[in-house]
Amino acid sequence: MKEKLEALKVVALEKLREVQDPQTLNDLRVKYLGKKGELTEVLRGMGSLSAEERPVIGQVANAVRSAIEEIIGAKQEAFQEQETLKRLQAEKVDVTLPGRRLPQGGIHPLNRVIQEIEDIFIGMGYRVAEGPEVETDYYNFEALNLPKNHPARDMQDSFYLTEELLMRTQTSPVQIRTMQSMEGEVPVKIICPGRVFRRDDDDATHSFQFHQIEGLVIGPNIRMSDLKGTLQQFVKEMFGPSTGIRLRPSFFPFTEPSVEVDVSCFKCGGHGCRLCKQSGWLEILGAGMVHPKVLEMGGYDPEKYSGFAFGMGAERIAMLKYGIDDIRNFYFNDMGFVKQFRGV
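Residues numbered from 1 in each chain as written. Predicted model: local features only at pLDDT ≥ 70, side-chain atom pairs only at ≥ 80, totals over all residues. Heavy atoms only, no water.

**With respect to the pairing of strand β6 (residues 245–252)**
So, step 1. Here β6 runs beside strand β7 (residues 255–264); their pairing, made up of seven bridges, is antiparallel. The partner of leucine 247 across the bridge, within β7, is valine 261.
So, step 2. Where β6 hands over to β7, the hairpin turn is made up of two residues, counted between the paired strands. (Pairing = 2+ DSSP bridges. Helix = DSSP H or I, 4+ residues; strand = E, 2+ residues; numbered from the N terminus.)

Below is the structure:
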């Protein structure tokens, strides 16, 4: 049996040294060391040996097994190193090549304008207030001095969900909600940006949804001159330091007196051009002193406090600022349009 083991060792080691691939190596491992392998078959005959021969043959068998396992392990390690080198060669990165450029994004022009307006008013001490887009008739109309059947409601064709719920037509309800939450405390100094909804037919200058930014200030001795000064500062920062404003009498149910606010054309300097239709002025927003009834609805005594409010369309400002001639461009998701404002 000892001679069989030695002969097995010689043959096995010779064949293992000639192995050139992992599959052949594994086949030889099974052939010699597997449960039905040649070494196992030889060892099954140890039962016929005497007690004195068994330890000797056991040592020889262990030595044969160790020699075969050692060369198999060495071969496996060599094959793994070769595989690793092949993978490194196949997967290597040429660091001298230029990197793949990722598409560069940009802020949508409408969001850019809204953020710019917010930054201007935050710099003047205002805070941003928000409210629900689905609003009650009370907050959207009645609390703003627009009772049921008031003819001024016809100016705002609305999307009603029920008799008392609708998609808000303005962000003015946020003003009333804020006033009530302040419980008579002053000063109130907020801007209210957000989407509003009206039953307009979509065309180049109208949309069933658009963005409105309103402002509200309440405190003792607030005057029309404070409103004018605030808006003058805003347009200078928004459109340039040489921009002027003019106020024209108007009517809004929630302010008294009310004004339409125009800015001098920042394209022609007020001399007249196509943008301003040769007038030298551009209409941008409505404003006025808060109506006493609105102050009362918000929990403020109109005998002690006064205030001013203003509202503008973000799309209108963006169209004027960037020379956009169709409001629908903001909503078409046209990458060619949006890319024009990258880095503006």
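**Focus on the sheet that holds strand β5 (residues 209–219)**
Neighbouring strands of a sheet are bound in pairs by backbone hydrogen bonds; such pairs are parallel or else antiparallel.
So, step 1. With mixed pairing, seven strands are arranged side by side in an open sheet as β1-β4-β5-β9-β8-β7-β6. Here the strands that pair on one side only, and so sit at the sheet edges, are β1 (127–128) and β6.
So, step 2. Of the strand pairs in this sheet, β5 and strand β9 (residues 306–313) are connected by eight bridges, and their pairing is antiparallel. Paired with valine 217 across the strands is phenylalanine 308, a residue of β9.

**A few points about the pairing of β9**
For a regular strand, the rule is simple: side chains alternate between the two faces of the sheet.
So, step 1. Summarising burial for β9: eight of the eight residues are buried, a large majority.
So, step 2. With burial as the criterion, each face of β9 is covered, one bearing Ser306, Phe308, Phe310 and Met312 and the other bearing Gly307, Ala309, Gly311 and Gly313.
So, step 3. Strand direction decides the pairing type here: strand β8 (residues 281–290) and β9, joined by five bridges, are antiparallel. What sits directly across from glycine 286, in β9, is glycine 311. (Buried < 20%, exposed > 50% of the residue type's maximum accessible area, 1.4 Å probe, protein only.)

**Let's talk about the pattern of salt bridges**
So, step 1. As enumerated under the stated definition, the model contains 11 salt bridges in all.
So, step 2. With a closest N to O distance of 2.6 Å, aspartate 262 and arginine 248 form a salt bridge. Of the two residues, aspartate 262 is situated in strand β7 and arginine 248 in strand β6; the sequence distance between them amounts to 14 residues.
So, step 3. Note that aspartate 326 and arginine 328 form a salt bridge whose closest N and O atoms lie 2.9 Å from each other.
So, step 4. Exposure remark for arginine 328: the relative accessible area of 30% places this residue in the partly exposed category.
So, step 5. Sharing partners across several salt bridges, the network here consists of Asp137, Glu142, Lys148 and Glu164. (Salt bridge = Lys/Arg side-chain N within 4 Å of Asp/Glu carboxyl O.)

**Some words on the packing of helix α5 (residues 109–123) against helix α8 (residues 224–239)**
So, step 1. At a minimum axis separation of 10 Å, α5 and α8 run at an interaxial angle of 135°. Considering their axes alone, α5 and α8 lie oblique with respect to each other. Here the hand of the crossing between α5 and α8 comes out right-handed. Packed against α5, whose contacting residues are Val113, Glu116, Ile117, Ile120 and Phe121, the element α8 presents Thr230, Phe234, Glu237 and Met238 at the interface.
So, step 2. Grouping the constituent residues of the contact of α5 with α8 by class yields six nonpolar, one polar and two charged. (Axes fitted to C-alpha atoms, helices over the stretch in contact; angles between N-to-C directions. Parallel < 35°, antiparallel > 145°, perpendicular 65-115°, else oblique. Left-handed = near helix turned anticlockwise from the far one by under 90°. Contact = heavy atoms within 4.5 Å. Nonpolar A, V, L, I, M, F, W, Y, C, P; charged D, E, K, R; others polar.)

**Structural notes on the packing of aromatic side chains**
So, step 1. For the structure shown, the criterion picks out 12 aromatic pairs.
So, step 2. Between the NZ or CZ atom of arginine 177 and the centre of the ring of tyrosine 139, over which it lies, the distance is 4.1 Å. (Phe/Tyr/Trp six-rings, centres within 6.5 Å; stacked < 30°, edge-to-face > 60°. Lys NZ or Arg CZ within 6 Å of the ring centre and 35° of its normal.)

**As for the packing of α5 against helix α10 (residues 314–322)**
The relative placement of two packed helices is expressed as an angle between their axes plus a distance between the axes.
So, step 1. Across the interface, α5 lies against α10 with an axial gap of 9 Å and an inter-helix angle of 105°. Taken together, the axis directions place α5 and α10 in an arrangement best described as roughly perpendicular. When α5 is examined against α10, the residues Pro109, Leu110, Arg112, Val113, Ile114, Glu116 and Ile117 are found in contact with a partner set consisting of Ala314, Glu315, Ile317, Ala318, Lys321 and Tyr322.
So, step 2. Across the contact of α5 with α10, the residue classes break down as nine nonpolar, no polar and four charged.

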